[in-house]
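# Descriptive analysis of the structure
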Amino acid sequence: MYKEPRLPQNAKEGILFMLIISLISVNMIAPTIIFLERGFSLDVYVDTLKILPIMWIIVMILVRFVAGPLVGKVMPNFVGKTDGFNARVLLNIVLNVTCLSILLTIIGKWVGMKEITLEPIENFLRVWPRNFGVAFWIELLIAQPIACFTMKK
């Protein structure tokens, strides 16, 4: 891809870009999904704050070692040489959010329940589309634009 000022240009900017996106995502996506699951209350929010650091670490590990490499291998199959910046970013968001939402629909429930059970797998088809939708729109409308704006500045 050509040099795009809205994307990181070196490792330092790459770390900043990933930190911005991950912090916004974890602080918005996880509480929204938990509120939809358990209801909107102060107690639920306090419980959510307790697991956010753990979820942030899990998200960073999954992005670095699972979603990033997987999306990196799949992207060239769908992107043409003449595709523009917005098309590439949108596809990247769709692929990353799909991969991460599948994994985190299961892992996030385990972390929240503090035990590994089959319940997230049994309810996966009911829960995952909602989780994907929440994550996709937060990434598309909030996290990515803020990170890209930061890189441009």
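Up top is the structure these notes are about.
Residues numbered from 1 in each chain as written. Predicted model: local features only at pLDDT ≥ 70, side-chain atom pairs only at ≥ 80, totals over all residues. Heavy atoms only, no water.

### As for unusual backbone geometry
At Lys114, a position not held by glycine, the phi torsion is positive, near 60 degrees. Residue placement: Lys114 occurs in the loop between helix H3 (85-113) and helix H4 (119-122). (Helix = DSSP H or I, 4+ residues; strand = E, 2+ residues; numbered from the N terminus.)

### Thoughts on the environment of Thr32
By the element assignment, Thr32 lies in helix H1 (residues 11-38). With relative accessibility at 29%, the residue Thr32 sits in the partly exposed group. Residues Thr32 and Trp110 lie 78 residues apart in sequence; the distance between their C-alpha atoms is 17 Å. With sequence-adjacent residues up to four places away left out, Thr32 is seen in contact with Val134 and Ile138. Separated by 2.7 Å, the side chain of Thr32 and the backbone oxygen of Met28 make a polar contact. (Buried < 20%, exposed > 50% of the residue type's maximum accessible area, 1.4 Å probe, protein only. Contact = heavy atoms within 4.5 Å. Polar contact = N/O pair within 3.5 Å; in protein donor to acceptor, adjacent residues only side chain to side chain.)

### Regarding the pattern of salt bridges
Summed over the entire model, instances satisfying the criterion amount to five salt bridges. The partner of Arg38 in a salt bridge is Asp47, and the shortest N-O contact between them spans 3.1 Å. Notably, a salt bridge pairs Lys50 with Asp47, separated by 3.9 Å at the nearest N-O pair. Taken together, the positions of Lys50 and Asp47, both in helix H2 (residues 42-78) and three residues apart, correspond to about one turn of that helix. Judged by its relative accessible area of 58%, Lys50 falls in the exposed class. (Salt bridge = Lys/Arg side-chain N within 4 Å of Asp/Glu carboxyl O.)

By themselves, these figures tell us nothing about what the structure is for.
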